[in-house]
Amino acid sequence: MPRSPRGSRSPVPLRRSPTRRCPAALRGRARAERPPPPHLRHEKVPNSAPAAMPTAKPITKPIFTLSKQLGCDCPYGPTVTGICNAQLRAPHRPDLTATAASASASGAGGRGGAALCRRGPVRPSLPAAMQLWRCLAALRAVPLSPRRRLSAAAPRTQTEAGGAGTAGAAARGRGGAWRPPHPPRSLPRAARRWRRRSAAAVPGRAGNHPAGACPAPRPLAPPGRRWGRRALAAGRGGGAERCVCPQDPRVLDRMLPYLTGCYGNPHSRTHAYGWESEAATERARRQVADLIGADPREIIFTSGATESNNTAIKGVARFYKSRKKHIITTQTEHKCVLDSCRSLEAEGFQITYLPVQKNGLIDLKELEAAFRPDTSLVSVMAVNNEIGVKQPIRDIGEICRARKVFFHTDAAQAVGKIPMDVNDLKIDLMSISGHKIYGPKGVGAIYVRRRPRVRLEPLQSGGGQERGLRSGTVPTPLAVGLGAACEVAQEEMEYDHKRISQLAERLVTKIMSEVPDVVMNGDREHRYPGCINLSFAYVEGESLLMALKDVALSSGSACTSASLEPSYVLRAIGADEDLAHSSIRFGIGRFTTEEEIDYTVQKCIQHVKRLREMSPLWEMVQDGIDLKSIKWSQH
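Note that this is a predicted model, so its numbers are computed, not measured. All residue numbers refer to position in the chain's written sequence, counted from 1. Given that the model is predicted, a residue must reach a pLDDT of at least 70 before its local features are reported, and side-chain atom pairs must reach 80 or more before they are shown or counted; all residues, however, enter totals for whole chains, interfaces and linings. Only hydrogens and water are set aside when side-chain values are computed; all heavy atoms of the structure are taken into account.

Caption draft 1: Highlighting the overall build of the protein chain. When helices and strands are counted, the protein chain shows 21 helices and 12 strands. For every residue, the accessible area (1.4 Å probe, protein chains only) is compared with the maximum for its type, and the residue is labelled buried under 20%, exposed over 50%, or partly exposed between those bounds. Across the 635 residues of the protein chain, 50% fall into the buried class. As presented, the protein chain carries roughly 30,500 Å² of accessible surface, and 53% of it is formed by carbon and sulfur atoms. Only DSSP runs of H or I reaching four residues or more are called helices, and only runs of E reaching two or more are called strands; each is numbered from the N terminus. All accessible areas in this document rest on Shrake-Rupley with a 1.4 Å probe, and a residue is counted as covered only by the protein chains that are shown.

Next up, the structure:
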């Protein structure tokens, strides 16, 4: 073998015959020259970068198998929009237009559904891929198969599986029925086998469609089902939509980078990781402030509405306790507000609990009469978590501002659902919850006005974060999720309110037209339509809940769901004890479909009639006996 001369810097190249080349070596060379797929690319550190500050590299461990199978561009794992865009970029898939996506979403009860509220093309603000993922059938996960763990990531619709493409049209032309398209040879063997199995597993492929048409997507599981549960739910603190909303996929996309690669402490000011997290936290603070018309410096991140309510009530009361020791609230507030007031009573404060009228609204004249010279705070909930009643926040704010008394409102059920402007409504303190607006759990915020300034005594001591009002490290992923949820809510508020109002009207009208002796609790005009509380006379509410096991419902707030006592909110509006025991709370949200409404109505009517046939009270009423005239004996 020839060797390079001693002292030379480059070796002498070997001379080989161009005709003697191994085919296997050529194939290996071609594989080596092929660029790596997006999920395996590394970020190269530039030569000018210091050795002590390496750049964050993407995760390359086989954790996110779903991302690899679907070709997602996100280096930190699968994202909803990333997976959907990767599916749309597949060679065997056609480009979905906005009109096609609208027609596809209508079959699954999505936002573009013609059967729900709207016909025509999709709004240009949301891409076609996002419209498909807004469909409930695409958002709800399919139960994992024991044989194929990746079955949850399989295409759930004919549109996603390539049914509208040229391959699907060719298959229909050959055999008359739809056949899954053959995957491209460029994919790995495992990916091709997985795609063939997942596409073949989608039912409902029979039928002739015009060539190039985009049929309505059919879900792999029954629409609206999620592990055997319907997603219609009830109330803040109970159920799904009113107590905790499903997280919007766009919110998850914003959070994923800060759950993996961007892990810096937002309070660290000495390195780039901390600067990056701090910028994301401040951007989320600005998004929350924009939703309620506040200044970003007036937003304090908390763990949720419960902590925000405790901070507002106890903080104001204890700071001004030397001069003012009186607080006004209502009897229908959330349990955390009532318990905070009771704890202040033990400290020597005086609390006035205002009653409410039959419709759930407070009397403004009683509120004015309750003021005293030493009143420091008025706390009234914006939207009730059990009956959905909207209090006259604007009038209350003007009364409090005229008397120079701070006004706090628990707006966990109102922010992101109805317009809330703290300056227009003259609100001094406001509590916000993340998971009520399709954000992550465990995060919330409190608005504290700066001019005129509201002073608070912090509940916990520590590093002095959040203007010294809430010590502790702010969780950057949760804060980013809350900010993204507020931004999405601001864009979708008008459409969501219109759609939820139509679904609520559909639910109430169908139930009351088929079942007699049904009472809607709360005012019919001043209410948020997504929270409905109905009382079914002569039926025990717990029995009806047990009968409706496949629908997520509640008979009251889940914060007090362990108690067998009737709801204190219904008792406060003067409901009879038997009607309070027979109340059911329905929650309707952004991802509730018409099919779920119809299913819930059908099951509710069926079981109410069945339970009434078993009830002796219903038999007595049918015989014309007045139950209120009977004196029941105590045993």
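Right, picking up where we left off after that structure.
Caption draft 2: Expanded view of helix α10 (residues 272–292). To estimate how far a helix should extend, the number of its residues minus one is multiplied by 1.5 Å. Between its first and last C-alpha atoms α10 spans 31 Å; for 21 residues at 1.5 Å apiece the expected length is 30 Å, and the two agree. Three or more residues of α10 are buried, namely Y273, G274, S277, A280, T281, A284, R285, Q287, V288, A289, L291 and I292. The contact definition used throughout considers only heavy atoms, calling two residues in contact when any of these lie within 4.5 Å. Against α9 (249–259), β3 (299–302), α15 (422–425), β8 (429–433), β9 (444–448) and α16 (476–514) lie the buried residues of α10. Downstream of α10 by one or two residues, G293 has phi in the positive range, about 70 degrees.

Caption draft 3: Molecular detail of the pattern of salt bridges. Any carboxyl oxygen of Asp or Glu within 4 Å of a side-chain nitrogen of Lys or Arg constitutes a salt bridge here. Scanning the entire structure with this criterion turns up 20 salt bridges. The salt bridge involving D248 is made with R590; its shortest N-O contact spans 2.8 Å. Here D248, found in the loop between β2 (229–230) and α9, pairs with R590, found in the loop between β12 (583–587) and α20 (594–614); they are 342 residues apart in sequence, far enough to count as distant. Note on D248: relative accessible area 0%, which makes it buried. Under the relative-accessibility criterion, R590 is labelled buried at 3%. Between E278 and R269 there is a salt bridge whose closest N-O contact spans 3.4 Å. Within this structure, D248, R250, E492, D496 and R590 form a network of salt bridges that share partners.

Caption draft 4: Summary view of the confidence of the model for the protein chain. Averaged over the protein chain, the pLDDT score is 73; the fraction of residues at 70 or greater is 59%. For every residue, the predictor assigns a confidence score, pLDDT, that lies between 0 and 100. This model gives residues 86–231 a pLDDT under 50, and the stretch forms 257 contacts once residues within four places in sequence are excluded. Predicted confidence for residues 233–240 stays below pLDDT 50, and this span has 47 contacts to residues more than four positions away or in other chains.

Caption draft 5: Representation of the packing of aromatic side chains. Side-chain rings of Phe, Tyr and Trp (the six-membered ring for Trp) are treated as a pair once their centres are within 6.5 Å; stacked means planes under 30 degrees apart, edge-to-face means over 60, and tilted covers the remaining angles. Enumeration over the complete set of coordinates arrives at five aromatic pairs. On the numbers, 5.4 Å between centres and 20 degrees between planes, the contact of Y263 with Y273 is stacked. Of this pair, Y263 sits in the loop between α9 and α10 while Y273 is found in helix α10, placing the two residues 10 residues apart along the sequence. Given the relative accessible area of 56%, Y263 is considered exposed. Seen in terms of ring centroids, Y538 and W618 are 5.7 Å apart; in terms of plane orientation they differ by 50 degrees. Their pairing is tilted.

Caption draft 6: Region of interest: the nonpolar core. Counting residues in each nonpolar core, the largest one holds 86 residues, and the members touching the most others are I292, V378, M430, F536 and F586. No other element matches the 12 residues that α16 contributes to this core. As used here, the term nonpolar core means buried Ala, Val, Leu, Ile, Met, Phe, Trp, Tyr and Cys residues forming a set that is joined through side-chain atoms within 4.5 Å. Formed by 21 residues, the second largest nonpolar core is a distinct cluster that contains A317, I327, L377 and F406.

Caption draft 7: Fine view of the packing of helix α11 (residues 305–319) against helix α12 (residues 335–346). Where α11 contacts α12, the two axes come as close as 9 Å, and the packing angle between them is 30 degrees. What the angle tells us is that α11 and α12 run roughly parallel. The two elements α11 and α12 cross, and the hand of that crossing is right-handed. Touching T306, N309, N310, I313, K314, A317 and R318 of α11 are C336, V337, S340, C341, S343 and L344, all from α12. Split into classes, the residues belonging to the contact of α11 with α12 amount to six nonpolar, five polar and two charged. Axis definition: a line fitted to C-alpha atoms, limited for helices to the stretch in contact. Angles are taken between N-to-C directions and run from 0 to 180 degrees. An angle below 35 degrees is treated as roughly parallel, one above 145 as roughly antiparallel, one from 65 to 115 as roughly perpendicular, and anything else as oblique. Throughout, a crossing is termed right-handed when the near helix is turned clockwise from the far one, and left-handed when it is turned anticlockwise from it by less than a right angle. Only Asp, Glu, Lys and Arg are considered charged, only Ala, Val, Leu, Ile, Met, Phe, Trp, Tyr, Cys and Pro nonpolar, and every remaining residue, Gly among them, polar.

Caption draft 8: Inspection of the environment of T281 at higher detail. With respect to the element layout, T281 can be found in helix α10. Residue T281 is classed as buried on the basis of its relative accessible area, which comes to 3%. Each C-alpha atom, one on T281 and one on P475, is 8.6 Å from the other, the two residues being 194 residues apart in sequence. With residues near it in sequence (within four places) discarded, T281 still touches P266, F301, V474, T476 and A479.

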